Structure formats: structure tokens, C-alpha cells
Amino acid sequence: MPTISRDEVAHLAGLARLAVTEAELDTFAGQLDDILDSVAKVNEVAAEDIPPTSHAVPLTNVFREDVVRPGLSREQALANAPATEENRFRVPRILSEEA
Amino acid sequence: MTAVAEIMDYDEVLERFDPVLGLEVHVELSTDTKMFCGCPNFFGSDPNTQVCPVCLGMPGALPVVNGKAVESAIRIGLALNCEVAEQCRFARKNYFYPDMPKNFQTSQYDEPIVFEGHLDVVLDDGETFRVGIERAHMEEDTGKSLHVGGADGRIHGAEHSLLDYNRAGVPLIEIVTKPITGAGHRAPEVARAYVTALRDLLRSMHVSDVRMDQGSLRCDANVSLSPKGSGEFGTRTETKNVNSLRSVERAVRYEMRRHAAVLASGGEIVQETRHFDESTASTSSGRPKETAEDYRYFPEPDLVPIAPSQEWVEQLRTTLPELPWQRRRRVQQDWQLSDEELRDLVNAGALDLVAATVDAGASPAEARSWWVAYLSQQANERGVDLASLPITPEQVARVVELVGEGTLTHKLARQVVDGVLAGKGDPDEVVAAEGIEVVSDDSALQSAIDEALAAQPDVADKIRGGKVQAAGAIVGAVMKATQGQADAKRVRELVLASCGQE
Amino acid sequence: MTSTASGGDAELTGLSASELAAKISAGETSSEEVTRAHLDRIAAVDPEVHAFLHVDADGAVEAARGADEARSAGGAASPLAGVPLALKDVLTTSDMPTTCGSKMLEDWTSPYDSTVVQRLRAAGVVVLGKTNMDEFAMGSSTENSAYGPTRNPWDTDRVPGGSGGGSSAALAAFEAPLAIGTDTGGSIRQPAAVTGTVGVKPTYGGVSRHGLVAFSSSLDQAGPCGRTVLDAALLHEVIAGHDPMDATSIDAPVPRVTAAAREGAAGDLRGVRVGVVREFGGQGYQEGVQQSFRAAVDQLTELGAEVVEVSCPHFEHALSAYYLIAPSECSSNLARFDAMRYGLRVGDDGSRSTEEVMSLTREAGFGPEVKRRIMLGTYALSAGYYEAYYGQAQKVRTLVTRDFAAAFEQVDVLVSPTTPTTAFRIGERVEDPMAMYLADLCTIPSNLAGNASMSVPSGLSAEDGLPVGLQIMAPPMADDRLYRIGAAYETARDAATGGTLLDRVPRLEVAS
Ligand SMILES: [Mg+2]
Ligand SMILES: [Zn+2]
């Protein structure tokens, strides 16, 4: 049975980019434990040889023609931006290297 | 960060270690539209003018796969002797980065569209080295960041960044080699030759611009060292920002020497991303990631699987053009080249240009001579690719034609070519504008000949005495006097005639 | 039809969509009149119900006038031309905000219309406004809206279900005759059940998801909500059909659901085989719900259907699989809300980095349930846990789909209660996520398998007088079966009780 520690919650929050509070670390640790406990049964249900289903529709090969479609004007693209500069989206300084 | 890492002498590296390479090449496809939306795929437009809800990752927007990009991926796979997956899917690679609008990259993970192939690479001495291809998969490019307020536009020290998403969603094919072993001292050369061969292949297929300078072909070089004979792979580093063929070679060589120095001094190689610096030909450590990489890949639920039918694959196979190695073989036969001549031609990057010049009417020998010798030298002097010289194969062919007609001497021909390179127009325009033409007026020549004979009476006597080979000195003097504008053959005839030697 | 709809022209707001369409088409009233009546009704009761997050009175009147002009100009009118509709605030509209019930998108206006909205507009349907919902459609009570809960018109101390509680409450409060919902784990059917309205989750791929702000892409499906089965059918045909903008959209003719609803209303179900899902009932199910369900099954038998019990042994694990799959997909889908290109930005004081601003914004912009699911999904997908959680859940999904396939070899449709209980009190389950999740126990299997499913009111629960829903489930692309059986049952139920269920909804206090 899973036991999620505060540290693990903090790690998950980092991956998910959530600046969780100290109080939330405890709350989430408890709640995630409860939820994972109760869903852990999926482990016992399905045998090895059962193929996974990631999609309900049995479609394949859905393609688009390589033809230009009108997109957004630059004004539309930038209209909802929290900040812009020189027709670009302005964001705070980036610490991590590009992946 | 230390300024300069210790590096080991290259020969010593090879005495102690075997290099293992892994090359990941990202190629931007030259489709008309992006991978998952109908925005134009065009380099160099004004920022954020080729965007839509899909490639801006707006709420509710959904991807739809560009069928042409899939075709290109399959064709590339076939050209690389790969198997084509019977069924494959896209997956989401989850990580946060501001240049990636959805904060996941739609890519392929455990189900690449093509896998298990190889590319035969010709080295500088004409030998062939087979590079195994592990896989090639489809994915999308990211947007571009402009870092403001730091030194040289680098991310480090910048105050803020500006994002342009025109490139976000451009179709990419990532081609991954199997571990390249057994290259020994030639490992850096193999790396360069592989990327060169791949570039030429993709160019011949018209699937990409393959411009390393514009980022439409990008290479990440993985290097590790294995203690000689141990068969164990060492820890690898991945060097990015390798933006030219020469840099590929230099980056690999540098990393081999750096790894060896670290290992020899009892240190450990850190598995990390390194950045290549063109100016120093060295690599530096990237900033460590704050959180361990955990991309949480899972099948992309917005897209359905791709299941290429055998008929489709076979039909695509028929669309493959003559591939570079097939072409090389054919050209060698057609033009009757020695292995060495072919190698020089290929190494000079002149094959396509010579072929086009031949197509425009020049003889293979003349065309080859121009491109491999004089024009290669001009390109070198200017520090550009042969193909980037401002002269076309048609123009070269015309110059050859003018020489053949006797309108130009070889020396004049160079002057005309220089004029074309200087932007003075087509060969005929240069000839007209500069008044370049062979001095064929015999009377004008005759006075120059008379002067030359008078200036060198002893030589004149020798010729008159039957030593016709001495005529060369007089011909040379005449050519000098006419500043090369005379037809040397005609001058010789006239010299001999003047000395009674018909 | 009698009506409890006051505040607004009660005669108009009490009518069904098909009745309104007929009156408009016959020139007995105009779309503008109908639209104004509903806007008045909204003004009167919505302060109490809080079904709407945004009402676009001007836009609605303008659209209504357009519909009226089109009618007088003569052209071929769509069957719902001029009829007003309430739109769940998770579908993008270029002329109204789309908040998804979240602070994250408080000020966001989409630059494009979702396909559903494009089709509604093309059909002359008048969009009144955007309805309240659990934040990003995560919840079963509409209490997770950042803009406060919606109240159930049957008892305003109770929840209207969720996530589409705003849409179903708008119907039950006679604020709109039609609504659009979205259903990822039951968010159309469960609110329909607890508000005494009709809600349909079409076959996955039957209605375009383009412009539906994604919660769980492989499960999300938009669908019609109405007060009658016929109304839902009419709306279904407007919004359904292939869309090249959605790669998961099915390129096949839309099942003929309106014809099926009309056929069903004749009340003959002879030759129809109905399977009662054995696993959905008993412990954990409210007695009044079970009674209502048994009565509904009896009714189907009386109509001539052949009813058998069918076992779907893996349905009991569907909820567990769902609570791994949906959060996993959500953790990825909601990553785009990062303060860079649109939406909320918090903490950008010039000193903080992008990484910090992203984290602070997401912390401030998402409510507890959304954060919980992002964390859960991040966990289920992360290295070392993927196989045990996400991978296994996908296998359970296979087993659930196989259960359906086996069942549909024996029967034409499956039935169950839509929810184990009637509407619970506001606040009752907020602190207990697992109790909240149980509300979707019966609806989730259809999402996992992608088949079509409907909730139709089956009366009121004896012990609390609150609505109960009958769930009907059909194979993929057999949506028409839902409508045939749903309409037959609805007609018989109304005949037995001498009026529609909503005739009995309490008269709401009118603000003006
Ligand atoms: Mg990649
Ligand atoms: Zn786009």
C-alpha cells in the first residue's frame, strides 16, 4: 500500500509546478494516500496479458492535408498575454536550461 | 564552473580508451505547414505571426497530424534502411519550459515510426563506415526565446525573456544512432561524416532545408569512453549547440580528451548536458536541472495510432529519389572518375554542383575542374560553402562554353567568373561590361611578337634554327605584354611563322 | 403544459425546446420574445440558483433577432432555430469569457469558437450565457467552482451535481430550455439525475472536442441536456458529427436520434432487450434510488421490453481506473496554464524567475480539487509508478470495455441507477474526496469504454422527495437506442404520474 511522504508530495509539487504550502503538504499526503489506497485494487484486477486501452475509439491514420490554414493575427495571439514586448510574449528570467 | 578543463593528448586518449558515440540529429521538415496545425512552416517571419490556438497551446485546441510529415518520416526511414512500424503512436513528454506552449512535447516514445536501420558513411579517405540507426521518430519543435539583459543574449544573467512561437509545432524528425563503436581514432571524423552523409541524404530527398546555421538540422553528440578492451560503456555526456559539421568533429574530439583526463585522474564523468562553444572549440557544463528529469510519458490521447499499410510503405518507397551513394556510384562510372577523383569531388561538396553544370552543357572534366579547384578555393577564401557562392552551375557552364568557342582564354575565363562572383551579372554581361575578349587581331599581336623577338634575339635565333620549343619564352612575353588577353595558341603560331617555322 | 416558471413570461419559459421551436417557426412568438423571457427568468432566479457565470443578454438578443430575420427571410430553418441555450463554461466562445470555473482563466476570452458553438450558431440556437461548473470539470457537485456553488432548484441547500451543475440547474430552474454539458466521468448524467433533467453523453468521438477545454482527453465528451428526451435528441443532432479539427472525431453518419426519440414516444418496446447491471445496486445505494430504479425497470417491462440481469464484473473497478486515468491526463492537459501566454500571472515582481512565477500562479490559480488531481496524476505517471497505476488502469479499461461488449451481445442496452444517491447537501462531501468520487460510480464505465449513455428522470426518491435518474447505456454509435428507450420510458412515466417531473419542482423565490 502506498504511503506518500511529505517529501514525495513536495517532489510531485515540483514536477507539477505548484508552490504548495506547508499545510498542503500534509493535507495532500493524507488525501493522496487515501485515494491511492482505494484505487490500488487496479493492481489485482488485470492480468499481465491484458492489453492496455488508451483510447476508446478504434481509429487509425487520421491525417490532415499539408495545406496552410489561416491562424491568429499577432494581435489575437498576444491579446491575452500577461506581458508582451517587441511583439513577443514577455516572461520572467528563466533559470533552467532548455531541455 | 572551471574556466578550462584539463584535457588529455589525443593520442594518449586512444592508447587508453575506446570512444563510444551516439548521435541524435533533429531535422526540421520542410512541409508547408506545422506538425499538428495548419500554420505555415516558414523560417524567418515576424515574431508570432505564424501561430494559432493549437501551436500556442490555447485551451480547447487539438492537434491533427500532418499527413505529409508522416510520409516524410517513413521515406526517411526507408532511405536509412529502417523497418517501418506496423502501428505506432504519439506520446506526451511532460516538462515545463516557456518555449513549449503546452508544457508537454508531442513526440514518440516507445513506438517510433521507423527503427533498426543503417547509414553507410564515406570517410575522407574513401573508406566506408556503417553507422547503425536505432530509430527515427516524429515530434514537434519548440518556440524561440530571446534573452534580454544578460551578456550576448545568453540565458545566464538575463533579466527576462521574450518568446516567439512561430517555430513551435514545426515538424521534427529525431534520428538516433545506435552506439557507434570501433571508430577508434576516427571517431570525430565518423561523427562529422555521418552528419554530412545524413544531410546530403535528406537534401537529395527534398524533405528538409538541412541548414545547420538556421537550425533546421541540429546534432547532439553523446560521447563516452570505455577503458581499452574492457567492453564496458562509460558514463556519457550529451553535447548540444553543435551548429556546423566542423563543430561536430571538434566537439567529439574535445569531449573524448576531456573525459579521458577526468577518468585518468581518478574522477567520474557526470552524466549531463554540455554546451559547445565554437570560439574555443570546447564544451562547458550546462546548468544542472533543479528537479530530476521525469518526463511522465504517456500515449497522446488527442491523437489516434498511425498504422502504415504495406501498400502505402511500398508506394512511398517508389518515391525515393536516387540516393547519394547510388548517385556517387553512377557518377563515378558516367564520368569515369578514379576513387580519388570521386572522393575529392564529394569532399569538396561539389557533386551536385558539377552534375548541374554538366546538365547545363559543360563537360564533366571542365565542370569538375572549375568547382573542385578554382571555385572551392574562392569559397574557402570567403569562408562559405561551395553551394553558397554567388554563381550558378548554369553560369559556370556558360563560361566553359565561351572558352570552348575560343571567345575566352582560361585566364580570361577566371576574370569573368570573378566578375560573376562580384555580382556583376551573367558571364556574357561581365564580358560585355568589362570589355574582356581575346585579342585576335593578328596585326596587333604581330607588333607585340616583333617586339618580343627583338628583345630576346638569342631566343629568336634558336627558333629560327629549328628549336621550336624555345617559342614558349616568346609566347610568354607576348601574353604578358597583352595582359593575357591573347589566345596563346594563335600567338605561338604567329611566333613560329615569324621565325620561318611553319 | 403547466409550469412553475415565473419571473419571465412563464408561458414561454415553461415550454420545451421543441414546443418553442414550433411556436417560433409558426410565427406565434419570436425568438426575441422567447429569449427575453428567459433572460428575465435568469434575472429573477439566478441570484438564488447561480447557474450562470456569465449572461450575454445583448449577444443573445442580437442572435435571436438574427434567427427571427432568417425565419422571415424564408430559408431552411434548423429544428432549433431561435431557441435559447445555456452553455457550460468549458466550451470556448469568441464573444464571451471562458473561465472553466477557474480563477486561472478569470479574464480569458478565447480567440476562437469551439466546434459545438459554431454548430449551435449555425443552427440559429441562441446562446444565453455560460454556466457554472466544477473547476475544469473536476467534481460532482459544482462546489469546486472558483465562483461559488450552484444550488439545486429542488432544494437550494443541495448541490445540483457536477461538474455541469450550472447547466442542469438552469434547465430545472427554467432559465433555459436547453443546455450543453460535458461528461468525463458522469458530469452530464449525474447532474441530470439529481436535478430531474435529461442528459446524454454521446458516443466518444460523436461530438467534436475542438474548443472543449480538456480535462481528460480520452474521456471528455460534450453532450446535450434538456428537460425532455426529444429536446436532447434535437440538440444532439445539431452538435454531433465529424469534425476534421478533432482527430478522435468519428467520421460516420450521426445516429438518427430524433427519429428514435419520436419512435420511442409511441411507447412500444417489444423486441428490445434490456440488461440490468447486477453490480450497480445494493449496499451504498440509497433506498429511494433503488425503489425508483426498480419501478423504472418494471415500467420498461410493461412497455414490452425483455429485461434480464447482466453481470459486468469489472464495473466495480472502473472508478479506481478512472481516478488514475483522468488525473493523469489532467496533470498533462492543465500544464499549459503556466502564466506565460494567457490567463492569470501571480508574483511577477521583477525579481522572481519564470519557474517561481509559474509555480506561484498555479498554486494561486487552481483550487484544491484541481491541485489534488494534478498531484495524483503526476504521481501515477511518474517513473516507477506508471506501470502499477496508469498502466494497470488502462488494462482495467480494457476489461470494462470487454464487459460491455459481452453484455451487448445479450442485450440492446444496459440500465442502472445514474447515481447511488440523490442530491447531497452543499458542503457535505467537500472534505472527503473519496465520498465525492462515489457519486460517479455508475456513470464512469461508459466513459472508459466510450459508449453512449443517458440519464432520464425516474421520479422522486420516497425518503427525500428528490429526483432520481435512470441510466441507459448503449454500444458506441448506437446513441439512437438511448433515445428510443428513454422517450418510451419518459412518456409512460409522465402518463403514470399525470405530468412531467419538473411540474413538481418547487417554485423558486423570485428576486424582483
Ligand atoms: Mg526529442
Ligand atoms: Zn498553429
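Residues numbered from 1 in each chain as written. Chains lettered and ligands numbered in written order. Predicted model: local features only at pLDDT ≥ 70, side-chain atom pairs only at ≥ 80, totals over all residues. Heavy atoms only, no water.

This part covers the interface of chain C and chain A. Listed per partner, the contact involves 65 residues of chain C and 53 residues of chain A. The junction of chain C with chain A conceals about 5000 Å² of combined surface from both sides, 65% of it contributed by carbon and sulfur atoms. Taken as a group, Glu355, Met375 and Lys395 of chain C account for 13% of the area that chain C buries against chain A, more than any other trio of residues on that side. Counting across the interface, chain C meets chain A through 1 salt bridge. One salt bridge connects Glu24 of chain A with Lys371 of chain C, and the closest N-O pair in it is separated by 2.8 Å. Between chain C and chain A we count 21 residue pairs in polar contact (both at pLDDT 80 or more) in total. Among the elements that line the side of chain C that touches chain A, the one with the most residues is helix 14 (residues 387-410) of chain C, at 12 residues. Residues belonging to the side of chain C that touches chain A are distributed by class as follows: 32 nonpolar, 18 polar and 15 charged. (Contact = heavy atoms within 4.5 Å. Buried area = accessible area lost by both parts, 1.4 Å probe. Salt bridge = Lys/Arg side-chain N within 4 Å of Asp/Glu carboxyl O. Polar contact = N/O pair within 3.5 Å; in protein donor to acceptor, adjacent residues only side chain to side chain. Helix = DSSP H or I, 4+ residues; strand = E, 2+ residues; numbered from the N terminus. Nonpolar A, V, L, I, M, F, W, Y, C, P; charged D, E, K, R; others polar.)

Moving on, we come to the coordination of the zinc ion (ligand 2). Residue and element names in this part refer to chain B. Within the protein, the zinc ion (ligand 2) binds to Cys37 (SG), Cys39 (SG), Cys52 (SG) and Cys55 (SG); these donor distances fall in the range 2.3 Å. Around the zinc ion (ligand 2) sit 4 donor atoms; with metal-centred angles ranging over 99 to 115 degrees, the donor geometry is tetrahedral. Positions of the donor residues of the zinc ion (ligand 2), expressed as sequence spacing, correspond to C-x1-C-x12-C-x2-C. In this pair, Cys39 is assigned in the loop between strand 1 (17-28) and strand 2 (65-66) and Cys55 in the loop between strand 1 and strand 2, connecting sequence segments 16 residues apart. Pair check on accessibility: Cys39 and Cys55 agree, each one buried. (Donors = N, O, S within 2.8 Å, 3.2 Å for Na, K, Ca; no water. Tetrahedral: all angles 85-135°; square planar, octahedral: opposite > 155°, others 65-115°. Buried < 20%, exposed > 50% of the residue type's maximum accessible area, 1.4 Å probe, protein only.)

In total, this model carries 64 salt bridges over all chains according to the counting rule given. Close ionic contact of Asp26 of chain A with Arg6 of chain A constitutes a salt bridge, the shortest N to O distance being 2.6 Å. Highlighted residues: Asp26 of chain A in helix 2 (residues 22-39) and Arg6 of chain A in helix 1 (residues 6-15), separated in sequence by 20 residues. Here Arg6 of chain A falls in the partly exposed class, since its relative accessible area comes to 33%. With its nearest N and O atoms 2.7 Å apart, the salt bridge here joins Arg493 of chain C to Asp494 of chain C. Classification of Arg493 of chain C by relative accessible area gives buried; the value is 8%.

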